Amino acid sequence: MILEAELDHANATTAIFRLTGRMTLGLRLREVESRITAVTDKGVPKLILELSGVEFLDSAGLGLLMILYGKMKTHSGELRLVAPTDRVLEVLKMTCTDAILPIDPTLDAALAA
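Just so we're clear, the structure is a prediction, and the values are computed from it rather than from any experiment.

### Structural notes on the overall build of the protein
A tally of regular secondary structure across the protein gives four helices and five strands. Along its sequence from the N terminus, the protein presents helices and strands in the succession β-β-α-β-α-β-α-β-α. Scaling as 2.2 N^0.38, a compact globule of 113 residues should have a C-alpha radius of gyration of about 13 Å, and the protein matches this with 13 Å. For the protein, the spread of C-alpha atoms along the three principal axes comes to 30 × 30 × 25 Å. Out of the 113 residues belonging to the protein, those deemed buried represent 39%.

### Points about the pairing of strand β4 (residues 78–82)
When you tally the buried positions in β4, you get four out of five residues, the bulk of the element. Bridge analysis of strand β3 (residues 46–57) against β4 gives five bridges, and the strand direction is parallel. For Ile48, the partnering residue across the bridge sits in β4 and is Arg80. Where β4 lies against strand β5 (residues 103–104), two bridges are found, and the strand directions are parallel. By the bridge assignment, Val82 is partnered in β5 with Asp104. Note that the unit made of β4, helix α3 (residues 86–94) and β5 has a crossover that is right-handed.

### Some details on the pattern of salt bridges
Applying the stated criterion to the full structure yields nine salt bridges. For Lys71, the salt bridge goes to Glu33, with nearest N and O atoms at 3.7 Å. Here Glu33 lies in helix α1 (residues 27–40) and Lys71 lies in helix α2 (residues 59–74), a separation of 38 residues in the sequence. A residue is classified by how much of its surface remains accessible, and Glu33, at 11% relative accessible area, is buried. Taken together, the salt bridges that share partners define one network made up of Lys46, Glu78, Arg80 and Asp104.

### As for the pairing of strand β2 (residues 14–23)
Within β2, seven of the ten residues are buried, which leaves the element mostly enclosed by the surrounding structure. Sheet topology places strand β1 (residues 4–10) next to β2; six bridges connect them, and they run antiparallel. Paired with Ala5 across the bridge in β2 is Leu19. Counting the residues between successive antiparallel strands, the hairpin from β1 to β2 contains three residues. Relative to β3, β2 runs parallel, the two sharing nine bridges. What sits directly across from Thr14, in β3, is Lys46. Following the backbone out of β2, through α1 and into the adjacent parallel β3, one traces a crossover that is right-handed.

### Concerning the side chain of Arg80
Structurally, Arg80 can be placed in strand β4. Polar side-chain contacts of Arg80 include one of 2.6 Å to the side chain of Asp104. When near neighbours in sequence (up to four residues on either side) are disregarded, Arg80 contacts Lys46, Leu47, Ile48, Leu49, Pro102, Asp104, Ala110 and Ala113.

Rules behind the numbers
- Residues numbered from 1 in each chain as written.
- Predicted model: local features only at pLDDT ≥ 70, side-chain atom pairs only at ≥ 80, totals over all residues.
- Heavy atoms only, no water.
- Helix = DSSP H or I, 4+ residues; strand = E, 2+ residues; numbered from the N terminus.
- Rg over C-alpha atoms; globule rule 2.2 N^0.38 Å.
- Buried < 20%, exposed > 50% of the residue type's maximum accessible area, 1.4 Å probe, protein only.
- Pairing = 2+ DSSP bridges.
- Right-handed = clockwise from strand over helix to strand, strands pointing away.
- Salt bridge = Lys/Arg side-chain N within 4 Å of Asp/Glu carboxyl O.
- Polar contact = N/O pair within 3.5 Å; in protein donor to acceptor, adjacent residues only side chain to side chain.
- Contact = heavy atoms within 4.5 Å.

Structure (C-alpha coordinates):
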(Lines give C-alpha, C1' and ligand atoms only; values in the text may rest on other atoms or scores of the structure.)
Protein backbone atom coordinates (compact mmCIF):
# COMPACT_ATOMS: atom_id res chain seq x y z
CA MET A 1 0.00 0.00 0.00
CA ILE A 2 1.36 3.43 -0.97
CA LEU A 3 2.18 5.85 1.82
CA GLU A 4 -0.44 8.51 2.42
CA ALA A 5 -0.33 11.47 4.81
CA GLU A 6 -3.63 13.11 5.57
CA LEU A 7 -3.59 16.40 7.45
CA ASP A 8 -6.25 15.73 10.05
CA HIS A 9 -6.01 18.97 11.99
CA ALA A 10 -3.86 22.06 12.05
CA ASN A 11 -4.02 25.22 14.09
CA ALA A 12 -1.46 27.62 15.53
CA THR A 13 -0.25 25.11 18.13
CA THR A 14 -0.73 21.60 16.72
CA ALA A 15 -0.58 19.72 13.42
CA ILE A 16 -1.89 16.16 13.24
CA PHE A 17 -1.10 13.89 10.31
CA ARG A 18 -2.62 10.43 9.87
CA LEU A 19 -0.16 8.21 8.03
CA THR A 20 -1.19 5.02 6.27
CA GLY A 21 0.69 2.53 4.12
CA ARG A 22 4.37 1.63 4.02
CA MET A 23 7.04 4.09 5.15
CA THR A 24 9.79 2.87 2.83
CA LEU A 25 12.53 4.34 0.69
CA GLY A 26 11.19 6.10 -2.37
CA LEU A 27 9.76 9.19 -3.92
CA ARG A 28 6.51 8.92 -1.98
CA LEU A 29 8.34 9.14 1.35
CA ARG A 30 10.02 12.36 0.18
CA GLU A 31 6.66 13.75 -0.94
CA VAL A 32 5.18 13.02 2.48
CA GLU A 33 8.18 14.66 4.15
CA SER A 34 7.66 17.78 2.00
CA ARG A 35 3.96 17.89 2.85
CA ILE A 36 4.59 17.63 6.59
CA THR A 37 7.47 20.11 6.48
CA ALA A 38 5.32 22.65 4.63
CA VAL A 39 2.96 22.65 7.62
CA THR A 40 5.59 22.59 10.37
CA ASP A 41 7.64 25.36 8.73
CA LYS A 42 4.78 27.70 9.59
CA GLY A 43 5.89 27.53 13.23
CA VAL A 44 3.58 24.88 14.64
CA PRO A 45 5.14 23.86 17.98
CA LYS A 46 3.56 20.39 18.18
CA LEU A 47 3.54 17.75 15.43
CA ILE A 48 1.56 14.57 16.00
CA LEU A 49 1.88 11.60 13.65
CA GLU A 50 -0.88 9.03 14.00
CA LEU A 51 0.71 5.72 12.89
CA SER A 52 -2.01 3.11 13.42
CA GLY A 53 -2.33 2.71 9.64
CA VAL A 54 1.38 2.28 8.93
CA GLU A 55 1.98 -1.33 7.90
CA PHE A 56 5.77 -1.27 7.65
CA LEU A 57 8.69 1.01 8.44
CA ASP A 58 12.17 0.57 6.97
CA SER A 59 15.36 2.54 7.70
CA ALA A 60 14.26 5.35 5.37
CA GLY A 61 10.95 5.65 7.20
CA LEU A 62 12.77 5.64 10.52
CA GLY A 63 15.10 8.29 9.12
CA LEU A 64 12.11 10.47 8.26
CA LEU A 65 10.83 10.23 11.82
CA MET A 66 14.24 11.27 13.14
CA ILE A 67 14.51 14.14 10.64
CA LEU A 68 11.10 15.43 11.72
CA TYR A 69 12.08 15.03 15.37
CA GLY A 70 15.25 17.06 14.75
CA LYS A 71 13.39 19.78 12.84
CA MET A 72 10.85 20.15 15.60
CA LYS A 73 13.56 20.26 18.31
CA THR A 74 15.50 22.89 16.34
CA HIS A 75 12.43 25.14 16.48
CA SER A 76 11.71 24.37 20.17
CA GLY A 77 8.81 22.15 19.17
CA GLU A 78 7.95 18.54 19.75
CA LEU A 79 7.07 15.47 17.74
CA ARG A 80 4.75 12.84 19.18
CA LEU A 81 3.91 9.45 17.67
CA VAL A 82 0.49 7.93 18.26
CA ALA A 83 -0.59 4.30 18.24
CA PRO A 84 2.13 2.67 16.13
CA THR A 85 1.30 -0.82 14.94
CA ASP A 86 3.08 -3.75 16.59
CA ARG A 87 5.37 -4.09 13.57
CA VAL A 88 6.36 -0.41 13.63
CA LEU A 89 6.79 -0.44 17.41
CA GLU A 90 9.09 -3.45 17.05
CA VAL A 91 11.38 -1.45 14.74
CA LEU A 92 11.33 1.52 17.10
CA LYS A 93 12.29 -0.71 20.02
CA MET A 94 14.92 -2.65 18.07
CA THR A 95 16.66 0.61 17.12
CA CYS A 96 16.13 2.15 20.58
CA THR A 97 14.43 5.15 19.02
CA ASP A 98 11.45 4.49 21.28
CA ALA A 99 13.64 6.01 24.02
CA ILE A 100 13.98 9.23 21.99
CA LEU A 101 10.64 9.63 20.24
CA PRO A 102 7.61 10.17 22.51
CA ILE A 103 4.99 7.50 21.80
CA ASP A 104 1.41 7.83 23.01
CA PRO A 105 -1.27 5.13 22.94
CA THR A 106 -4.04 7.51 21.85
CA LEU A 107 -4.48 10.84 20.14
CA ASP A 108 -6.05 12.26 23.30
CA ALA A 109 -2.94 11.34 25.28
CA ALA A 110 -0.70 13.02 22.68
CA LEU A 111 -2.80 16.17 22.71
CA ALA A 112 -2.73 16.29 26.52
CA ALA A 113 1.05 15.80 26.73
